[in-house]
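This is what each chain is made of:
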Amino acid sequence: MSAALPTSGREWHLVARPQGWPEASDFALREAPVNEPGQGRVLVRNLYFSVDPYMRGRMNDVKSYTPPFQLDRPMDGGAVGEVIASNADGIAVGDHVLHGKGWREYAEVPAEHAVKVDASIAPLSAYLGVLGMTGLTAYAGLFEVASFKEGDAVFVSGAAGAVGSQVGQMAKLKGASRVIGSAGSDEKVKLLTEEYGFDAAFNYKNGPVKDQLAEAAPDGIDVYFDNVGGEHLEAAISSFNVHGRATICGMIAQYNSTEPTPAPRNLALVIGKRLRLQGMLVGDHSALQPQFVDEVAGWLSSGALQYRETKVEGIEKGFDAFLGLLRGENTGKMIVSLDADR
């Protein structure tokens with residue numbers, strides 16, 4: 001055990017279910033007691049926590065692949081921090097661990113749900129992104145779900161985000177013939193082509209996605225990694241070559257819609273082109289974790305894979321960070337840093 005533990009810490013609670021876009025009044029930052037860890041558990045001082053698009057769905061009281069957040073209870077999500085008290089074998093005070101109780105300053109977690117991470121391999125925040133859930137999403141979604149093969153032309157929507165930016169780079173590293181990305185600003189488009197090595201990129205706000213994609217991919221596409229849905233998915237279906245494959249990872253364009261959104265109007269093309277559109281959840285691909293970490297860590301150490309993070313400082317900025325993510329204000333992984341709070 002460790003002496004002089006804090007008596008309380010702050011945590012974010014969902015207090016009302018958002019209708020459309022989340023509002024500050026739907027959330028509350030509250031003080032909660034901090035206790036010694038129980039048997040087989042550890043107490044972690046969180047240094048970083050993740051905000052992710054899927055969390056918007058958990059704010060609705062609907063049955064889904066993951067349970068909704070409970071009202072007047074702390075929200076959760078990926079976090080990495082330092083163990084400040086341990087009542088478990090194999091994890092010591094001072095170890096850094098990855099766990100699932102984010103959105104709070106202190107977390108008491110079962111030792112079996114805390115994964116030790118090595119700050120000498122990569123910065124701790126990287127375990128929430130490039131070496132974490134978002135990185136594995138990109139890796140599994142491209143190579144396993146979309147069955148990527150050398151010579152494929154790949155289109156990625158939301159390409160400057162944490163997942164999309166890695167999908168494009170991984171495709172290039174594995175021999176894609178052409179990689180195209182879409183993003184929401186000219187600055188992000190420049191980042192895709194100049195830093196991440198995309199062959200072409202466009203700002204979807206500058207004109208119809210279908211037209212811009214057709215220009216960027218004159219020979220069509222073989223793989224589409226969908227983080228956006230809506231107009232982007234419709235455009236990809238139009239640009240697909242025969243036997244194209246789409247990984248449907250996210251649909252951020254419609255997460256805050258209050259009315260049903262229309263399906264792509266060209267779905268009949270799926271038949272003639274013999275397309276495969278497959279949804280994915282990263283939890284189905286945990287068996288790839290060792291291979292993913294080994295390969296991506298190598299790319300990081302050699303400089304072959306680049307990544308960006310957008311860090312928002314302070315737990316009190318947790319809601320602002322989440323809303324900024326939904327608005328596309330991040331470049332790369334959006335992370336809330338608690339280190340500056342102390």
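Residues numbered from 1 in each chain as written. Predicted model: local features only at pLDDT ≥ 70, side-chain atom pairs only at ≥ 80, totals over all residues. Heavy atoms only, no water.

By the naming in an unreviewed UniProt entry, the protein goes by NADP-dependent oxidoreductase and is assigned to Streptomyces salyersiae.

Caption draft 1: Looking closely at the side chain of S125. Residue placement: S125 occurs in the loop between β7 (115–116) and α2 (133–145). On the accessibility criterion, S125 (1% relative accessible area) is buried. At a separation of 2.9 Å, a polar atom in the side chain of S125 contacts the side chain of E309. If near-sequence neighbours (up to four positions away) are discounted, S125 is found in contact with Y48, E309, K311 and I335. (Helix = DSSP H or I, 4+ residues; strand = E, 2+ residues; numbered from the N terminus. Buried < 20%, exposed > 50% of the residue type's maximum accessible area, 1.4 Å probe, protein only. Polar contact = N/O pair within 3.5 Å; in protein donor to acceptor, adjacent residues only side chain to side chain. Contact = heavy atoms within 4.5 Å.)

Caption draft 2: Here's a closer look at the environment of N206. Locating N206 in the fold gives a position in the loop between β10 (200–203) and α5 (209–216). Spatially, the C-alpha atoms of N206 and E234 are 17 Å apart, while their sequence positions differ by 28 residues. For N206, the contacting residues outside a window of four places in its chain are D186 and Q212. A polar contact is formed between the side chain of N206 and the side chain of D186, at a distance of 3.3 Å.

Caption draft 3: How the structure looks around the packing of α2 against helix α3 (residues 162–173). Here α2 crosses α3 at 45 degrees, and the two axes come no closer than 8 Å. By the angle between their directions, the pair α2 and α3 is classed as oblique. Considering how the two elements wind past one another, α2 and α3 form a crossing that is right-handed. Contact residues: T134, G135, T137, A138, Y139, L142 and F143 in α2; A162, V163, Q166, V167, M170 and A171 in α3. (Axes fitted to C-alpha atoms, helices over the stretch in contact; angles between N-to-C directions. Parallel < 35°, antiparallel > 145°, perpendicular 65-115°, else oblique. Left-handed = near helix turned anticlockwise from the far one by under 90°.)

Caption draft 4: Inspection of the side chain of K273 at higher detail. Position of K273 relative to the elements: it lies in the loop between α7 (269–272) and β13 (276–279). In this structure K273 is buried but unpaired, with D222 as the nearest side chain of opposite charge at 10 Å. In terms of polar contacts, K273 uses its side chain to reach the backbone carbonyl oxygen of I237, at 2.9 Å. Engagement of the side chain of K273 in a polar contact is seen with the backbone oxygen of F240, the distance being 2.8 Å. Setting aside residues up to four positions removed in sequence, K273 forms contacts with I237, S238, S239, F240, N241, V242, H243 and G244. (Lys, Arg positive; Asp, Glu negative; His and termini not counted. Salt bridge = Lys/Arg side-chain N within 4 Å of Asp/Glu carboxyl O.)

Caption draft 5: Summary view of the pairing of strand β15 (residues 333–337). Burial analysis of β15 places 5 of its 5 residues in the buried class, the great majority of the element. Here β15 shows no split at all, with K333, I335 and S337 on one side and M334 and V336 on the other all buried. Where strand β3 (residues 41–50) meets β15, 3 bridges bridge the pair, whose relative direction is antiparallel. Looking across to β15, one finds that F49 is bridged to V336. In the sheet, strand β14 (residues 309–313) pairs with β15 via 5 bridges, with the strands oriented parallel. Pairing of K311 across the sheet is with I335, part of β15. Once the chain exits β14 it traverses helix α9 (residues 318–326) before rejoining the sheet at β15, and the crossover so formed is right-handed. (Pairing = 2+ DSSP bridges. Right-handed = clockwise from strand over helix to strand, strands pointing away.)

Caption draft 6: The pattern of salt bridges, seen in detail. Overall, the coordinates contain 15 salt bridges when judged by the stated rule. Between R45 and E82 there is a salt bridge, and its shortest N-O distance comes to 3.0 Å. Highlighted residues: R45 in strand β3 and E82 in strand β4 (residues 79–86), separated in sequence by 37 residues. Judged by relative accessible area, which is 19%, R45 ranks as buried. Across the pair D52 and K333 runs a salt bridge, and its minimum N-O distance is 3.0 Å. Residue D52 is found in the loop between β3 and α1 (54–58), and its partner K333 is found in strand β15; the two are separated by 281 residues along the sequence.

Caption draft 7: Geometry of the environment of I252. By the secondary structure assignment, I252 is in the loop between β12 (240–248) and α7. Residue classification places I252 among the partly exposed positions, given a relative accessible area of 25%. In the structure, I252 is positioned 196 residues away from R56 in sequence and 9.3 Å away in space, judged by C-alpha atoms. In contact with I252, not counting residues within four places along its chain, are P53, N227, V228, L325 and L326.

Caption draft 8: Main features of the nonpolar core. Membership of the largest hydrophobic core comes to 44 residues, with the highest contact counts inside it found for V154 and V296. The set of elements that each furnish at least two residues to this core consists of β3, α2, β8 (153–156), α3, β9 (178–183), α4 (186–194), β11 (221–226) and α8 (289–302). For this core, the element with the most residues is α2, which contributes 6 residues. For V296, the contacting residues outside a window of four places in its chain are V130, L131, Y139, M170 and L305. Ranked by size, the runner-up nonpolar core spans 22 residues in total, among them F49, V312, A321 and L325. (Core = buried A, V, L, I, M, F, W, Y, C linked by side-chain atoms within 4.5 Å.)

Caption draft 9: Representation of the packing of aromatic side chains. By the definition in use, this model includes 8 aromatic pairs. Taken together, the ring pairs in this structure connect Y139, F143, F148 and F292 into an aromatic cluster. Stacked on the ring of F143, the Lys or Arg K174 has its end atom at 5.9 Å from the ring centre. (Phe/Tyr/Trp six-rings, centres within 6.5 Å; stacked < 30°, edge-to-face > 60°. Lys NZ or Arg CZ within 6 Å of the ring centre and 35° of its normal.)

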